[in-house]
Amino acid sequence: LVDPGGTASRFLYVAGGFNDSGQLATILRSPVADDGSLGPWQDAGMLPTAVAGAGVVVTHGVVVLAGGFSSNATLTAAINADGSLGTWKTGPTLPGKWFHTSAVVHGDYVYVLGGINGTMTTDDVVRSPIDAQGNMGPYEVIAHLPYTLSHHTAILDGDTLYVINGQTGNTNNNSGKPHREVQIATFQADGKLSAWTEG
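Residues numbered from 1 in each chain as written. Predicted model: local features only at pLDDT ≥ 70, side-chain atom pairs only at ≥ 80, totals over all residues. Heavy atoms only, no water.

Asks: Whenever I open this one, the sheet that holds strand β10 (residues 102–106) confuses me. Can you help?
Replies: In a beta sheet, neighbouring strands pair by backbone hydrogen bonds and run either parallel or antiparallel. An order of β10-β11-β12-β13 is seen for the four strands of this open sheet, with the pairing classed as antiparallel. Sheet topology places β10 and β13 (140–149) at the edges, where each strand pairs with a single neighbour. When the angles between neighbouring strand axes are averaged without regard to direction, this sheet yields 20 degrees. Relative to strand β12 (residues 120–129), strand β11 (residues 109–117) is paired through eight bridges, and the arrangement is antiparallel. Bridging from a neighbouring strand, asparagine 117 pairs with methionine 120 of β12. (Pairing = 2+ DSSP bridges. Helix = DSSP H or I, 4+ residues; strand = E, 2+ residues; numbered from the N terminus. Axes fitted to C-alpha atoms, helices over the stretch in contact; angles between N-to-C directions.)

Asks: Would you take a moment to explain the sheet that holds strand β4 (residues 26–32) for this structure?
Replies: The sheet built from three strands is open, its strands ordered β1-β4-β5 with antiparallel pairing. Here the strands that pair on one side only, and so sit at the sheet edges, are β1 (10–15) and β5 (42–46). For this sheet, the mean inter-axis angle between neighbouring strands, taken without regard to orientation, is 30 degrees.

Asks: Help me out: how do you make sense of the nonpolar core in this one?
Replies: In this structure, Leu113, Val125, Leu145, Leu161, Val163, Leu193 and Trp196 are the most contacted members of the largest nonpolar core, which totals 16 residues. Sorting the residues of this core by element identifies β11, β13 and β15 (160–168) as the ones contributing at least two each. Among the elements that make up this core, the one with the highest residue count is β13 (five residues). Contacts of leucine 145, omitting those with residues within four sequence positions, involve Leu113, Gly114, Thr122, Asp123, Val125, Val163 and Trp196. (Core = buried A, V, L, I, M, F, W, Y, C linked by side-chain atoms within 4.5 Å. Buried < 20%, exposed > 50% of the residue type's maximum accessible area, 1.4 Å probe, protein only. Contact = heavy atoms within 4.5 Å.)

Asks: For this particular structure, what's the right way to read the pattern of salt bridges?
Replies: Taken as a whole, this structure holds two salt bridges when the rule is applied. Note that aspartate 34 and arginine 10 form a salt bridge whose closest N and O atoms lie 3.5 Å from each other. Taken together, the positions of aspartate 34 in the loop between β4 and β5 and arginine 10 in strand β1 put the pair 24 residues apart, joining distant regions of the chain. Residue classification places aspartate 34 among the exposed positions, given a relative accessible area of 79%. Taking the relative accessible area as the measure of exposure, arginine 10 reaches 27% and is therefore partly exposed. (Salt bridge = Lys/Arg side-chain N within 4 Å of Asp/Glu carboxyl O.)

Asks: Whenever I open this one, the layout of surface pockets confuses me. Can you help?
Replies: Space left empty within the atom packing is revealed by a probe, the size of a water molecule, rolled over the atoms. Roughly 300 Å³ of volume is contained in the largest pocket. For the lining of the largest pocket, the secondary structure elements donating two or more residues are β1, β6 (55–59) and β7 (62–66). With four residues, β1 is the largest single contributor of residues to the lining of the largest pocket. The class makeup of the residues in the lining of the largest pocket is 17 nonpolar, one polar and no charged. Here the second largest pocket defines a volume of roughly 180 Å³. Lining the second largest pocket are 13 residues; nearest its centre among them are Thr76, Lys89, Gln133, Gly134 and Asn135. Only β8 (74–78) and β9 (89–90) provide two or more residues apiece to the lining of the second largest pocket. For the lining of the second largest pocket, the element with the highest residue contribution is β8, accounting for three residues. A breakdown of the residues in the lining of the second largest pocket according to their chemical character gives five nonpolar, seven polar and one charged. (1 Å grid on protein atoms, 1.4 Å probe; cavity = no way out; pocket = protein on both sides within 12 Å on 5 of 7 lines; lining within 4 Å. Points joined across faces, edges and corners; volume = space filled by probe spheres on them. Nonpolar A, V, L, I, M, F, W, Y, C, P; charged D, E, K, R; others polar.)

Asks: Before we go on, may I ask you to explain unusual backbone geometry in this structure?
Replies: Note: most peptide bonds trans; most residues except glycine with negative phi. We note that histidine 60 has phi near 50 degrees; this positive angle belongs to a residue other than glycine. Here histidine 60 shows up in the loop between β6 and β7. Positive phi, normally seen in glycine, also occurs at serine 70, with a value near 55 degrees. Within the element layout of this structure, serine 70 appears in the loop between β7 and β8.

All we've got here are geometric facts, nothing functional implied.
Here it is, written out as structure tokens:
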């Protein structure tokens, strides 16, 4: 969801993904009315490369896509006043080609959590600083999940981070172990994470 403020419309964006032909580079958007209903879908441009399963956040005036299938890239695009997206730029690279990862924003950092790199899941939690203009710095590993994980959801409520469900191991051949737990950690003053507890 992109809300540039002012009199500009709010839009729900869908970018990339898979279909029967492979990964997609298309971007679509639908205007969000005051009652929450959606208007007609319309073309909103193209990604610089086809991507699926990336971690996505909106912060500091930009949209950020991190990782994806066979990708360790980070892509950013500025949000224009009318809700359209500017030119996509390449940001820092992740430690691995993380597919089905998850991302959140806390303060002036973008955090990317877990994902599957080929046939192996990772437990790494990395962060990248982001400035007021939406420029990102290098990623650093700042924590680890309780176990390696992909296909999960990460939700931030204030300083509290929830990581929900997911799978461990090679999910490509259905041999991965499913998780139904909710793992909870708290962001500290230095931007690092507390120990995880199971909710």
